[in-house]
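A look at the structure
The lines below spell out each chain.
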Amino acid sequence: MANQLTSLGLTSVYNSDFRSREIGMKSREMNTKAEAVRNGSRKFEDLLVKTGESYGKIDTTKLTKDESKLYDSCVEMESLLWKQMLNAMKKTINKTKLIDGGQTEEIFTDFLYDEYASGIAKTSNSKISETLFKQLSGYNQR
């Protein structure tokens, strides 16, 4: 199907539709995992690292199995947000036909930006995934 769309020049429509469905599926998956986690009685502060460089980040060793799955989904969601930002930044780069790598380069950079986004989500101090986890797990209601 992607080849048919490429020949028609509709790959960007196909890619944006695919990404929208991917984000929708992640959102539904996160809600399902959040329901499983909400029944606990621990406090959110108990999950945080209290010392060192990681001060204030969630200590994943203190999470239950369901909480760990939910947290991983939250990190993936943050990664998708970073990927969207990186793609928007990539669109601002002027390309010349002289050094254009074609479709192969597009595929490679897409995978590369996936890895960049994943690394940013895991190491950044943006607290997006922590906030999502706190909201979905119900820790902010306890």
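This text goes with the structure placed above it.
The numbers attached to residues start from 1 for each chain and follow its sequence in the written order. Local features in this predicted model are restricted to residues whose pLDDT is 70 or higher, and side-chain atom pairs enter the listing and the counts only when it is 80 or higher, whereas totals over whole chains, interfaces and linings include all residues. For side-chain calculations, the full set of non-hydrogen atoms in the structure is used, while hydrogens and water are omitted.

Some details on the nonpolar core
- For our purposes a nonpolar core is just a set of buried Ala, Val, Leu, Ile, Met, Phe, Trp, Tyr and Cys residues, chained together by side-chain atoms within 4.5 Å. Each residue is assigned to one of three classes by its accessible area relative to the maximum for its type, calculated with a 1.4 Å probe on protein chains only: buried under 20%, partly exposed between the two thresholds, exposed over 50%. Judged by nonpolar contacts, the single largest core of 14 residues is most densely connected at I58, L63, L70, Y71, C74 and F133.
- Going through the elements one at a time, helix 3 (65-90), helix 4 (102-123) and helix 5 (128-137) are the ones with two or more residues in this core.
- Helix numbering and strand numbering both begin at the N terminus, where a helix is a DSSP run of H or I of at least 4 residues and a strand a DSSP run of E of at least 2. Per-element accounting of this core gives the leading share, 6 residues, to helix 3.

Examining the packing of helix 3 against helix 4
- Only C-alpha atoms enter the line fits that serve as axes; for helices the fit covers just the stretch in contact. Angles between N-to-C directions range over 0 to 180 degrees. For the pair helix 3 and helix 4, the least separation of the axes is 8 Å and the interaxial angle reads 130 degrees. As far as their axial angle goes, helix 4 and helix 3 are oblique. Note that helix 3 runs across helix 4; the crossing there is right-handed. Residues V75, E78, S79, W82, K83, L86, N87 and K90 of helix 3 pack against E106, T109, D110, Y113, D114, Y116, A117, S118, I120, A121 and K122 of helix 4.
- Considering only residue class, the contact of helix 3 with helix 4 consists of 8 nonpolar, 4 polar and 7 charged. Here is the rule for angles: anything less than 35 degrees is roughly parallel, anything more than 145 is roughly antiparallel, 65 through 115 is roughly perpendicular, and the remaining ranges are oblique. Left-handed describes a crossing whose near helix is turned anticlockwise from the far helix by less than a right angle; the clockwise case is right-handed. A contact between two residues is defined here by any heavy atoms of the two lying within 4.5 Å. Polar here means any residue outside two lists: the nonpolar Ala, Val, Leu, Ile, Met, Phe, Trp, Tyr, Cys and Pro, and the charged Asp, Glu, Lys and Arg; Gly therefore counts as polar.

Focus on the packing of helix 3 against helix 5
- One can describe the packing of helix 3 onto helix 5 by two numbers: an axis separation of 8 Å at closest approach and a directional angle of 135 degrees. Put simply, helix 3 runs oblique to helix 5. For the crossing formed where helix 3 meets helix 5, the hand is right-handed. Of helix 5, the residues touching helix 3 (which contributes E67, L70, Y71, C74, V75, M77, E78 and L81) are I128, S129, E130, L132, F133, L136 and S137.

Digging into the pattern of salt bridges
- Think of a salt bridge as a Lys or Arg side-chain nitrogen and an Asp or Glu carboxyl oxygen that are within 4 Å of each other. Per the stated rule, a full pass over the model turns up 3 salt bridges.
- Of the charged contacts in the structure, one is a salt bridge between K83 and D110, with a shortest N-O distance of 2.7 Å. Placement of K83 in helix 3 and of D110 in helix 4 is noted, with a sequence separation of 27 residues between them.
- Judged by relative accessible area, which is 3%, K83 ranks as buried.
- Among the residues examined, D110 registers a relative accessible area of 21% and is labelled partly exposed.
- Among the salt bridges present, the one from K83 reaches D114, with a minimum N-O distance of 2.8 Å. In this pair, K83 sits in helix 3 while D114 sits in helix 4, placing the two residues 31 residues apart along the sequence.
- Overall, the relative accessible area of 29% leaves D114 in the partly exposed class.
- The structure contains a network of salt bridges with shared partners spanning K83, D110 and D114.

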